[in-house]
Structure formats: C-alpha cells, structure tokens
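What follows is each chain in one-letter form.
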Amino acid sequence: MQKSAQRVRPISWWWALLAVALVASAVAVSMVVMLAQTEGLHGAQRATARIDAIKTALTIGAGTGGAAALLLALRRQWLSEHTHVRQEAADTIAEFDARERRITELYTAAAGQLASDSAPVRLAGLYALERLAQDHVDHRQTIVNVICAYLRMPFSPTRPHAEDAAESWEQERVVRVTAQGILTGHLFVGGGRGDDPTWPLNPSPQEPRFWAGMELDLSGATLLDFEFTGRRVEMATFDEARFFGTANSAHAEFTGHVSFDKARFEQGHGHFLSAWFGLRVTFIGTDFGSEQAVFKGATFTGMVFFREAVLPGGVCFEAARGLADFNRSWGSVRQWPDGWTERPLGADERMPLLAPRFSRWPESNLPPGSSTWALIVPDSAGRPAD
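Nothing here was measured: the structure is a model prediction, and the numbers come from that model.

**As for the sheet that holds strand β13 (residues 303-305)**
- Strand order in the open sheet formed by five strands is β1-β4-β7-β10-β13, with parallel pairing between adjacent strands. Both edges of this open sheet fall to β1 (215-217) and β13, since each of them pairs with a single strand only. Taken over all neighbouring pairs, the strand axes of this sheet differ in orientation by 5° on average, direction set aside.
- Here strand β10 (residues 280-282) runs beside β13; their pairing, made up of three bridges, is parallel. Paired with T282 across the two strands is F305, which belongs to β13.

**Section: the environment of G369**
- Counting through the fold element by element, G369 comes out in the loop between β16 (340-344) and β17 (373-378).
- Assessed through its relative accessible area of 33%, G369 is described here as partly exposed.
- Taking C-alpha positions, G369 is 7.0 Å from R350, a pair spaced 19 residues apart along the chain.
- Leaving out residues up to four positions away in the same chain, G369 has contacts with L345, G346, A347 and E349.

**A word on the nonpolar core**
- By size, the foremost hydrophobic cluster in this structure holds 58 residues, and its most contacted members are F238, F277 and F295.
- Where this core is concerned, the elements lending two or more residues are α3 (119-135), α4 (140-151), α5 (163-185), β2 (222-227) and β5 (242-248).
- Residue contributions to this core peak at seven residues, all from α4.
- Residues contacting F238, with those up to four places away along its chain left out, are L218, S219, L223, F226, F243, F254, V258, S259, F260, D261 and A263.
- With six residues, the next largest nonpolar core counts L345, M351, W373 and V377 among its residues.

**Quick word on the packing of aromatic side chains**
- Taken as a whole and judged by the stated rule, the model has 34 aromatic pairs.
- A ring pair is formed by F238 and F243, whose centres lie 6.0 Å apart and whose planes are at 45°; its orientation type is tilted. Residues F238 and F243 agree in their burial class; the two are buried.
- Arranged with centres 5.4 Å apart and planes meeting at 85°, the rings of F295 and F306 form a pair that is edge-to-face. Taken together, the residues F295 in the loop between β11 (293-294) and β12 (299-300) and F306 in the loop between β13 and β14 (315-316) connect sequence positions eleven residues apart. Each of the two residues, F295 as well as F306, counts as buried.
- One cation-aromatic arrangement involves R321 over W373; the distance from NZ or CZ to the ring centre is 3.7 Å.
- Between the NZ or CZ atom of R328 and the centre of the ring of F326, over which it lies, the distance is 4.2 Å.

**Some details on the sheet that holds β16**
- Pairing is mixed in the open sheet, where seven strands are placed in the order β3-β6-β9-β12-β15-β17-β16. For this open sheet the edge positions go to β3 (232-233) and β16, each flanked by a neighbour on one side alone.

**Some words on the confidence of the model for the protein chain**
- Per-residue pLDDT for the protein chain averages 81, and the proportion of residues at 70 or more is 72%.
- The spread of mean pLDDT over the elements of the protein chain runs between helix α1 (residues 2-36), the lowest at 55, and β1, the highest at 98.
- In the model, residues 1-9 has pLDDT below 50 throughout and makes six contacts with residues more than four positions away in sequence or in other chains.
- Across residues 191-199, where pLDDT falls below 50, the model places 17 contacts with residues more than four positions away in sequence or in other chains.

**Regarding the pattern of salt bridges**
- Taken as a whole and assessed by the stated rule, the structure comprises 13 salt bridges.
- With a shortest N-O distance of 2.9 Å, R343 and E349 are connected by a salt bridge.
- Using a relative accessible area of 33% as the deciding quantity, one classes R343 as partly exposed.
- Judged by relative accessible area, which is 23%, E349 ranks as partly exposed.
- Look at the salt bridges and you will find they share partners, linking R122, E172 and R176 into a network.

What counts as what
Residues numbered from 1 in each chain as written. Predicted model: local features only at pLDDT ≥ 70, side-chain atom pairs only at ≥ 80, totals over all residues. Heavy atoms only, no water. Pairing = 2+ DSSP bridges. Helix = DSSP H or I, 4+ residues; strand = E, 2+ residues; numbered from the N terminus. Axes fitted to C-alpha atoms, helices over the stretch in contact; angles between N-to-C directions. Buried < 20%, exposed > 50% of the residue type's maximum accessible area, 1.4 Å probe, protein only. Contact = heavy atoms within 4.5 Å. Core = buried A, V, L, I, M, F, W, Y, C linked by side-chain atoms within 4.5 Å. Phe/Tyr/Trp six-rings, centres within 6.5 Å; stacked < 30°, edge-to-face > 60°. Lys NZ or Arg CZ within 6 Å of the ring centre and 35° of its normal. pLDDT = per-residue confidence, 0-100. Salt bridge = Lys/Arg side-chain N within 4 Å of Asp/Glu carboxyl O.

Put into structure tokens, the structure is as follows:
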C-alpha cells in the first residue's frame, strides 16, 4: 500500500498544476477577448470598458478556479475511497491467508497424531480433526478422507493371545470404533418427517452436526459394530470391506452411488431395513454370511447389481420396491439375487406396507395399479432359489 501512495502523489501534483494552468489560461483568454472589444473606444469610455473587461476576466478566472478546486476535491475523495477499498481487500486477503495457514497447521498436527504409537494421542488427533471439520465446511471432505484412510489401514479383528499384544489391540480397537463414530455421527439425518410423508428425509435445522454431501471410501476397511442407521451419504464405497459384529444400515440413505462389491459380513448380517438406494447400488460378489440379508421395505431408485452375491442365509425383500422409470446409464435390467425379480403393481393392487414405524411409504399408500413403482418378488417359481 505504501507503493500505491507513492504513485498517487505525483499524479496529484500534476492535477494541481493543470488546474493552475487552466485558471491562468481562462483569465488570459477572457482578458484578451474582452480588451479586444474596447479597441474602438476612446477616452474615459475606453478606460471604463477596459476596467470592466479586466473585472470580467478575473471573475471568469475565479469561477474556473472554483470549478478546478471542486474537481480536485472530488479526485481526492475518489482516491481516498479507492485507497480504502484496496486496503480492505488487502486486509481480507491477509486475514484469509492467516486463517488458512492456521487451519493447515492444525490439520497437519492432528493428522500427524494419527501416526503416534500412543492410542490417547491418536484419539486426540481424531477429535482435533472432527473439530476442524465441524468449524470449516470447505475442509470437511478432506478430513473425512483422512479418517476413512485410517480405517482402511490393516487391522486384525481377532484379539491376540499375548497379553502385551492384546492390550495394544484393545487400544487400537477403541481408536477405530471412535473413528467410525465420528464419521457416522455427523451423517445422521435426524428430525422427523413433519408434514411431508415422503422420503428421503430432510435434515432437521436443529442438526448443526450434520455434514451434507459427504463421500466415504471404506474399501478394504475392517469395520467393527458398524452403526449406520438413519445416516445419509452422497456416495460410498465398501468394496472388499469386512463387517464384524453389528452392520446395521436400517433407514440409511445412499443418495448417489454405493458399492459393496466383494464385501464380507463375517459376523452378524447385512441389515438394510427400509434403506434408500439412489443412482446405483452394487453387491457384486458380496458375501452376506450365514444369516439372512434383510432388505425389507427398501427402496431402489436406480440400477441394482446382485450378481454372484453369496446368500447362504437367504434374503428378505418384503415390501421392497424399485422405481420403474430409473436412470439406465449403467444398464437397463436390474440384476436381483437368484430367485427374485420385479413386477409392476396389478390393476387393483396396492403397495404393501410395513408397520408404521418401519414404513418409508406415504401414509396414503400408492394408488392401485401405480406404474411408478415395481414390487420385488420371488421369481416365477413362486419362491426364491435355495
């Protein structure tokens, strides 16, 4: 800003000199013109006319000087305002740079704590990252990516026998469950349906902890008692992930693409009661374990792939529905598990409802013969394949 002031000063001098020259020129020109008009006069009449000409020229000069002074004052005001605006812009940039530098320092320190050998230090790093993400929306996805990357690090779900190793394992288990809780805790939609009985839900305005538009990459992660009930995520990848213990995604909303390809539910079962699947969902080669996979009341609004899914415990699609006119960018025919298909509602048939507290349908239900939705039903054999 000092350099700018130095550039402005000589320009102001030039304007002052220009004003003086303008006034002098106005006086000189007007005097020459006025005196020229007295050339035909004589005696006292000529003297009086010349005095009047000089007075008129001086008056014109005074008026020109006043106009020049006003012009200079306006220019000074403009320069002052322009300098103030530039100073405010410079201060804003400096403040932004300082804030970003501070955020980067805090982020680097917190992320570095995740590499510590001490579990309490790793926990402190996770909570520091959570606080940064909560306070700075622009950095949320980056911090979510860091936490997901931590969960993708190798971890054995089996407790070792050696006492020292078992203690370290228990501490790491606490850290990982905490990391999962930070991710899922900020994806909870919250609130009620209010006057709008349709789904998906809208986040309650009283849920400032909700992080909208997040994407999760938990491919290959080992997830322990993964609680995803009522959560919403934009896109998610669980390819080759291993689920141990609870794996509850009831009422979850996957609004974009979600993939569980080659994931394994090694304890518990895949529970997607009344879940909402958006553009595309893939369960290609997914091993649902020995217990029944539950998709009771689920909604499929896009492409579906269950190709080569392993379902030794069977699967439930009771009251599940699929959008009839879905986006066919990834295929035109949904791939349901063996023994299952979809069919439109009959002319006099209504969509079945679950119990009210589990239902995702409007309370009025769909009209008979609705062409919007199709039922997920056993194939033509009348029951799913064994």
